[in-house]
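# Summary of the model geometry
Given next are the chains, with one letter for each unit.
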Amino acid sequence: MVETAGGGPGDGAAEVLDRPLPDGVRRRVVQIVSDGFGGLTLGELPAQLRQYARFAPNRRAKFAGNAMAAALETDPLFRQRIGEKLREAQPELSGALDSGSPPPAADPLDVAAAAYVLRPAGWVKLVTAAGEEALRADAERADEESRAELERLREQLDRSREQTRTETERLRTELETARKEAEALHRKLRSALSDVKRGEAALRKAQAEIEAMRSEGQAQVSAAESETRRLKARLAETEAALEAGRKAAREGRSVEDMRVRLLLDTVLDAAQGLRRELALPPVSVRPAETVDAVEPGRMSPKDIAARALSEHDPAILDQLLALPQAHLVVDGYNVTKTGYPQMPLEKQRLRLLGQLSQLAAQTGAEVTCVFDGAELAAPVLLAPPRGVRVLFSKPGVTADELIRQLVRAEPPGRPVIVASTDREVADGVARVGARPVASAVLLKRLS
C-alpha cells in the first residue's frame, strides 16, 4: 500500500510504509548506514549518533543499530547524506533504482535496503516485495531444514532400530546364559539339600550318643554319691576314734599341767616384786566414779545453762566465728532492712559490706553476703570489699534458696553460721547442719 504525503504522485520521498520494515531489509539498511557513517564529519551526524563516531563499523552496527535506523527514518538530511555515500559506493545499483529498473540479478534485500535509503519512486513496492521474497526464502529455507531434519530423524530412527535389534540379541544371549546358570544353581541347591539331610541325620545320631552319654554320666554320679555317703560314714567313725584318743591324751597330761602351773606362779611372784620396786600406788578410781551425776553441793545442769550466753548476745557470734574454718553466710537485705531500712538499697549494701569486711579482718572467718537479684534491672557495678564474697541470686531464684544451696555445698562438720531473721531460712539451714543467728545479733556485733 503506497500513500502520498505532501508530494506528487512520482515523488518517492512522500511514500511511506504501512507495515514494519522486514528484518532482513533492516539489517542491510543498518549496514549501509554503518558503512557510510565513517565518511561523515562529526557535525554532519545527528546529535544522538555522535557518541558512536569513533566505533568500528562492526561495533557501530551492533551497538548503534536501533539509533541509526531511527535517525535514518526521522532525519531527512542524514538520510540524504547516507544516500550520497551509497551512490558513491554502489553507483550501478543507485542508477538502476533511479531509472526505475533494478537489476534482476541483484539480491532483493540489497535492492530493498538501497531503495529505502535513496527513496526513489516506487521504493515502498521494492521494500515490500523484498520482504515478501525474504519471507518466501525463509519459508523455503525452513522447509529445506525441516526436510533435512526429517531425513536426519529417519536415519536416527534406523540407527535406533538397529541398536535395538543388537541389544535384543545381546539380551537374549544373556538370558540364555542366565538360564543355564540358574539350572546349574538348581543342581547345586539340590546337592546342598541332600548334604543338609545327611547332616541332620548325623546330628540326630550325635544327639542320641549325647543322650546315652548323659544317662551313663547320671549313673556314674549316682555311684559317686553312694561312695561319698560311705566315705562320710567312715569319716564319722574316724572322728569318734580321734575324740576318744584326745580324751585319753587329756587324762595323761596332768604332769604337763603341773609344770605350767609352776611357771604361772613364778610369773605372778615376779610381777609382785616388780610392783614393789616401782612403788606403784593402789588404784584410787573406781568405775562408779566415772558416771556423770550431780553430787550434793555441786551445780545442776539447770544452773549451768542459766550461766550460758543468751541467743541475742553478740559474744555468741564471736565464739562461733572463733571455731576452726568457720563460714559466715549473711542474708544481705534481711540484715540491712532490719538495721537501717530508711536508706537506699545501694547505700544499705555499701554500709553492710564495709562492716562485714572489718569483721572478716578481725575474726579471720570466711564471709559470704547474699543479696536478692530478682528485682535488679541491670547488673550491679560493685567491687567486693576485701575478705567478703558478694553474691546475687539469678532470675527465678530467691536469696533464701541461694543461701540453702551454699549451706548444702559445705562438707558435713564444718561450722557454718547463717545470719537471717527469716524463720523459714533459719529452720531450713538448721536442718542441714548450719547454725542460724538472728540479724539483730549480727548488727549488734557490727556496731
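Refer to the structure printed above.
Overview of the structure. No experiment lies behind these values; they were computed from the predicted model shown.

Take the overall build of the protein chain next. Per the secondary structure count, the protein chain includes 15 helices and five strands. Residues counted as buried form 26% of the 447 residues belonging to the protein chain. Across the protein chain, contacts joining residues at least 24 apart in sequence account for 58% of those joining residues at least 6 apart. As presented, the protein chain carries roughly 30900 Å² of accessible surface, and 56% of it is formed by carbon and sulfur atoms.

Before going further, it helps to spend a moment on unusual backbone geometry. The backbone of Q325 shows a phi angle near 55 degrees, a positive value even though the residue is not glycine. Tracing the sequence through the fold places Q325 in the loop between α10 (314–321) and β1 (327–331). Judged by relative accessible area, Q325 falls into the exposed class, the value being 62%.

When two helices pack together, their arrangement is given by the angle between the helix axes and the distance between those axes. One can describe the packing of helix α12 (residues 345–363) onto helix α15 (residues 439–446) by two numbers: an axis separation of 10 Å at closest approach and a directional angle of 75 degrees. By the criterion of interaxial angle, the relationship of α12 to α15 is roughly perpendicular. Here L352, Q355, L356, L359, Q362 and T363 of α12 come into contact with α15, specifically with L442, R445 and L446. When grouped by side-chain class, the residues that make up the contact of α12 with α15 number five nonpolar, three polar and one charged.

Before going further, it helps to spend a moment on the pattern of salt bridges. If you walk through the whole model with that rule in mind, you get 18 salt bridges. Linking E174 and R170 is a salt bridge whose minimum nitrogen-to-oxygen distance equals 2.3 Å. Of this pair, E174 and R170 both sit in helix α7 (residues 123–251), four residues apart, which is roughly one turn of that helix. With relative accessibility at 39%, the residue E174 sits in the partly exposed group. Using a relative accessible area of 37% as the deciding quantity, one classes R170 as partly exposed. Between E366 and R414 there is a salt bridge, with its nearest N and O atoms 2.6 Å apart. Taken as a pair, E366 in strand β2 (residues 366–371) and R414 in the loop between α13 (399–409) and β4 (416–419) lie far apart in primary sequence, 48 residues in all. Judged by its relative accessible area of 23%, E366 falls in the partly exposed class. Each of E366, R389, E410 and R414 takes part in one network of salt bridges that share partners.

Formed by 32 residues in total, the largest nonpolar core has its most connected members in V29, L72, F78 and I82. Examining the composition of this core, we find that nine residues originate from one element, helix α6 (residues 108–118), more than from any other. Aside from chain neighbours lying at most four places away, what touches F78 is V33, L40, E44, L45, P46, L49, M68, A71 and L72. In terms of nonpolar packing, the next biggest core, distinct from the first, is built from 28 residues, V335, A365, L442 and L446 among them.

Following the criterion strictly, the structure yields two aromatic pairs and no others. Taken together, the ring pairs connect Y333, F371 and F392 into an aromatic cluster. When the ring centre of Y333 is taken as reference, the NZ or CZ atom of K337 above it lies at 5.6 Å.

Moving on: the environment of A383. Along the chain, A383 falls in the loop between β2 and β3 (388–392). Note: C-alpha distance between A383 and L350 (33 residues apart in sequence) is 9.9 Å.

Now for the side chain of Q348. Following the sequence through the fold, Q348 ends up in helix α12. Among the residues examined, Q348 registers a relative accessible area of 2% and is labelled buried. The residues touching Q348, leaving out its near neighbours within four places in the chain, are Y333, T336, K337, Y340, P341 and M343.

One can describe the packing of helix α3 (residues 65–74) onto helix α4 (residues 76–89) by two numbers: an axis separation of 5 Å at closest approach and a directional angle of 105 degrees. As the angle between them shows, α3 and α4 are arranged roughly perpendicular. Contacts from M68, A71, L72, E73 and T74 of α3 reach α4 at P76, F78, R79 and I82. Counted by class, the contact of α3 with α4 contains six nonpolar, one polar and two charged residues.

Turning our attention to the pairing of β4. In β4, alternate side chains face the same way, and those of V416 and V418 on one face and I417 and A419 on the other are all buried. Summarising the sheet, β1 and β4 pair through four bridges and their orientation is parallel. Directly across from V329, in β4, lies its bridge partner V418. Across three bridges, β4 lies against strand β5 (residues 435–437) in parallel orientation. Bridging across to β5, V418 finds its partner in P436. In terms of handedness, the path from β4 via helix α14 (residues 423–431) over to β5 forms a crossover that is right-handed.

On to the sheet that holds β4, then. The five strands lie next to each other as β3-β2-β1-β4-β5, forming an open sheet whose pairing is parallel. The open sheet has two edge strands, β3 and β5, and neither has a second partner. The average angle at which neighbouring strand axes cross in this sheet is 20 degrees, direction not considered. Strands in contact with helix α11 (residues 332–339) are β1, β2, β3 and β4; relative to β1, the strand with the most contacts, it is inclined by about 65 degrees. Running over the sheet, α12 touches β1, β2 and β3 and is turned about 165 degrees from β2.

Taken residue by residue, α13 has A399, D400, L402, I403, R404, L406 and V407 as its buried positions. Contacts from the buried residues of α13 go to β1, β2, β3, β4 and α14.

What counts, and where the lines are drawn
Residues numbered from 1 in each chain as written. Predicted model: local features only at pLDDT ≥ 70, side-chain atom pairs only at ≥ 80, totals over all residues. Heavy atoms only, no water. Helix = DSSP H or I, 4+ residues; strand = E, 2+ residues; numbered from the N terminus. Buried < 20%, exposed > 50% of the residue type's maximum accessible area, 1.4 Å probe, protein only. Contact = heavy atoms within 4.5 Å. Areas by Shrake-Rupley, 256 points an atom, 1.4 Å probe, with all protein chains shown as cover. Axes fitted to C-alpha atoms, helices over the stretch in contact; angles between N-to-C directions. Parallel < 35°, antiparallel > 145°, perpendicular 65-115°, else oblique. Nonpolar A, V, L, I, M, F, W, Y, C, P; charged D, E, K, R; others polar. Salt bridge = Lys/Arg side-chain N within 4 Å of Asp/Glu carboxyl O. Core = buried A, V, L, I, M, F, W, Y, C linked by side-chain atoms within 4.5 Å. Phe/Tyr/Trp six-rings, centres within 6.5 Å; stacked < 30°, edge-to-face > 60°. Lys NZ or Arg CZ within 6 Å of the ring centre and 35° of its normal. Pairing = 2+ DSSP bridges. Right-handed = clockwise from strand over helix to strand, strands pointing away.

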